[in-house]
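Residues per chain are reported as follows:
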Amino acid sequence: MNTEPKPHRAGFVSIIGKPNVGKSTLMNALLGERLSIVTSKAQTTRHRILGILNGDDFQLVYSDTPGIIQPKYELHSAMMSFVYSSLEDADVVLFVTDIYEKHDEEPVVERLRKMQDTPIFLLVNKIDQADQAEVEAKVAYWQEHLPNATRVLPISALEKFGTGELLDLILEKLPIHPPYYPKDELTDKPERFFAAEMIREKIFKLYKKEVPYSCEVGIEEFKEEDDIIRMRATIYVERSSQKGIIIGKGGEALKKVGTWAREEMEKFFLKKVFLEIHVKVNENWRTDPKALSRFGYQ
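Conventions we followed
Residues numbered from 1 in each chain as written. Predicted model: local features only at pLDDT ≥ 70, side-chain atom pairs only at ≥ 80, totals over all residues. Heavy atoms only, no water. UniProt positions renumbered as here; feature names shortened; annotations may be inferred. Phe/Tyr/Trp six-rings, centres within 6.5 Å; stacked < 30°, edge-to-face > 60°. Lys NZ or Arg CZ within 6 Å of the ring centre and 35° of its normal. Core = buried A, V, L, I, M, F, W, Y, C linked by side-chain atoms within 4.5 Å. Buried < 20%, exposed > 50% of the residue type's maximum accessible area, 1.4 Å probe, protein only. Helix = DSSP H or I, 4+ residues; strand = E, 2+ residues; numbered from the N terminus. Contact = heavy atoms within 4.5 Å. Axes fitted to C-alpha atoms, helices over the stretch in contact; angles between N-to-C directions. Parallel < 35°, antiparallel > 145°, perpendicular 65-115°, else oblique. Left-handed = near helix turned anticlockwise from the far one by under 90°. Pairing = 2+ DSSP bridges. Right-handed = clockwise from strand over helix to strand, strands pointing away.

As annotated in an unreviewed UniProt entry, the protein chain is GTPase Era from Hymenobacter aerilatus. In the Function (unreviewed entry) part of its UniProt record, the protein chain is described as follows: "An essential GTPase that binds both GDP and GTP, with rapid nucleotide exchange. Plays a role in 16S rRNA processing and 30S ribosomal subunit biogenesis and possibly also in cell cycle regulation and energy metabolism." What UniProt states about the protein chain under its Subunit (unreviewed entry) heading is, verbatim, "Monomer."

What follows is the structure, encoded as structure tokens:
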């Protein structure tokens with residue numbers, strides 16, 4: 001009987017793709033934890049978020065990245081730098097498309113074609129919303145257009161269909177390596193980051209059009225006590241008119257954001273949360289290098 005311990009495998013797995021194809025839903029499904037915010041609006045994810053999955057003989061470090069877009073201003077450029085930096089240190093790449101995605105030649109696909117030494121799993125997501133013929137056509141398309149992909153896999157991140165098989169395939173490709181992070185860590189981000197993200201998620205769900213994209217959230221105070229976390233947050237907008245929209249008539253809209261976010265935080269932190277939210281104008285912060293640096297984009 002072979003009692004030799006398995007070699008420990010560890011590596012970085014980059015999740016990339018266009019906006020709204022389900023990258024954040026996929027990472028949450030693979031981790032079994034809700035780290036990345038998920039909304040129906042495109043470009044919800046702005047940062048590179050690491051999610052760490054640990055086992056006795058492995059450590060998987062997933063990177064959820066912003067959706068791939070053509071940058072229009074400095075914030076977009078910073079977001080795309082997170083995507084490309086995640087490819088540079090990836091041991092495995094998960095390139096996520098979905099059943100609806102229109103095919104066009106993009107720089108990132110060309111870059112993936114040149115990555116001959118990195119395993120690439122091309123994932124056709126949202127197959128629960130398609131018939132078998134549509135799924136087979138998408139798989140065939142990508143087998144032809146990204147021939148160096150290790151596998152083209154149809155999945156449903158939302159329904160967790162195919163995610164178990166995907167995890168096994170990733171583990172096979174990870175290099176033998178000691179863990180990069182302590183085994184009890186789940187992410188590289190601090191608690192303040194996730195608190196801000198939960199508020200930003202509620203903004204995306206509650207407000208329409210351009211307003212959510214013009215908002216950034218800062219956690220100015222985070223005091224953890226034995227039975228409660230006391231938090232003071234600021235929602236930054238670009239124009240005074242947006243401040244009025246965020247606050248709403250009689251402060252009702254802002255109150256709703258605070259209530260929804262606090263409920264989410266209490267589930268996440270497993271502790272009571274006292275949350276105070278203010279709204280400030282920071283004109284054109286999306287194009288201001290100093291503001292972007294302060295918000296963690298540079």
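Alright, that's what it looks like, and here's the rest.
Novice: Can you help me understand the packing of aromatic side chains in this one?
Specialist: What characterises a pair of aromatic rings is the spacing of the ring centres plus the angle enclosed by the ring planes. Tallied over the full model, the rule gives 10 aromatic pairs. Cluster of aromatic residues (ring-pair linked, three or more members): Phe 193, Phe 194, Phe 222, Phe 268 and Phe 269. One residue, Arg 294, lies across the ring of Tyr 236, its end atom 5.4 Å from the ring centre.

Novice: In this structure, what is going on with the nonpolar core? I would like to understand it.
Specialist: Burial of nonpolar side chains together is a common tendency in soluble globular proteins. Among the nonpolar cores identified, the biggest contains 54 residues, and Tyr 62, Leu 94, Ile 199 and Ile 235 are the most heavily contacted of them. Ranked by the residues each element gives to this core, the list is headed by helix 6 (residues 191-206), at 7 residues. In this view, Leu 94 contacts Val 13, Ser 14, Ile 15, Ile 16, Leu 26, Leu 30, Tyr 62, Phe 121, Leu 123, Leu 166 and Ile 170; residues no more than four positions away in its chain are not counted. Grouped together as the second largest cluster of nonpolar side chains are 33 residues, Ile 68, Leu 87, Val 135 and Leu 292 included.

Novice: Looking at this structure, I do not really get the packing of helix 6 against helix 8 (residues 252-269). What am I missing?
Specialist: Geometry of a packed helix pair, given as the angle between the helix axes and the separation of the axes. At a closest axis distance of 9 Å, the pairing of helix 6 and helix 8 adopts a crossing angle of 135 degrees. The pairing of helix 6 with helix 8 is recorded here as oblique in orientation. As helix 6 packs across helix 8, the resulting crossing turns out to be right-handed. On the side of helix 6, the interface is formed by Glu 191, Phe 194, Ala 195, Met 198, Ile 199, Glu 201, Lys 202, Ile 203 and Leu 206, while helix 8 contributes Ala 253, Lys 256, Val 257, Trp 260, Ala 261, Glu 264, Met 265, Phe 268 and Phe 269.

Novice: For this particular structure, what's the right way to read the pairing of strand 6 (residues 151-154)?
Specialist: Sheet faces and side chains relate simply in a regular strand, where the side chains alternate between the two faces. Pairing of strand 5 (residues 120-125) with strand 6 involves 4 bridges; the strand directions are parallel. Each residue of the ladder has a partner; that of Leu 123, found in strand 6, is Leu 153. Handedness of the strand 5-helix 4 (residues 132-145)-strand 6 crossover: right-handed.

Novice: Would you take a moment to explain the sheet that holds strand 8 (residues 228-237) for this structure?
Specialist: Remark on secondary structure: sheet strands pair via backbone hydrogen bonds, oriented parallel or antiparallel. Read from one edge of the open sheet, 3 strands run 7-8-9, paired in mixed fashion. Pairing within the sheet leaves two strands with one partner each, and these edge strands are strand 7 (216-224) and strand 9 (272-281). The sheet shows a mean angle of 20 degrees between the axes of neighbouring strands, direction not considered. Bridge analysis of strand 7 against strand 8 gives 8 bridges, and the strand direction is antiparallel.

Novice: Just checking my understanding: could you explain the side chain of Glu 266 for this structure?
Specialist: Structurally, Glu 266 can be placed in helix 8. With sequence-adjacent residues up to four places away left out, Glu 266 is seen in contact with Lys 271, Lys 272 and Val 273.

Novice: I tried to follow the sheet that holds strand 3 (residues 58-64) on my own but got confused; where do I start?
Specialist: Strand order in the open sheet formed by 6 strands is 2-3-1-4-5-6, and the pairing between neighbours is mixed. Looking at the sheet topology across the chains shown, the edges are occupied by strand 2 (49-55) and strand 6. Each strand axis lies, on average, 20 degrees off the axis of its neighbour in the sheet, ignoring direction. Strand direction decides the pairing type here: strand 4 (residues 92-98) and strand 5, joined by 6 bridges, are parallel. Each residue of the ladder has a partner; that of Val 93, found in strand 5, is Ile 120. With respect to the sheet, helix 2 (residues 74-88) is in contact with strand 1 (9-17), strand 3 and strand 4, its orientation differing from that of strand 1 by roughly 145 degrees. Against the sheet, helix 5 (residues 163-173) touches strand 1, strand 2, strand 3, strand 4, strand 5 and strand 6, its axis set at about 110 degrees to strand 3.

Novice: What is the right way to look at the environment of Phe 295 in this model?
Specialist: Among the structural elements, Phe 295 can be located in the segment after helix 9 (289-294). Phe 295 sits 57 residues away from Glu 238 along the chain, and the two C-alpha atoms are 14 Å apart.

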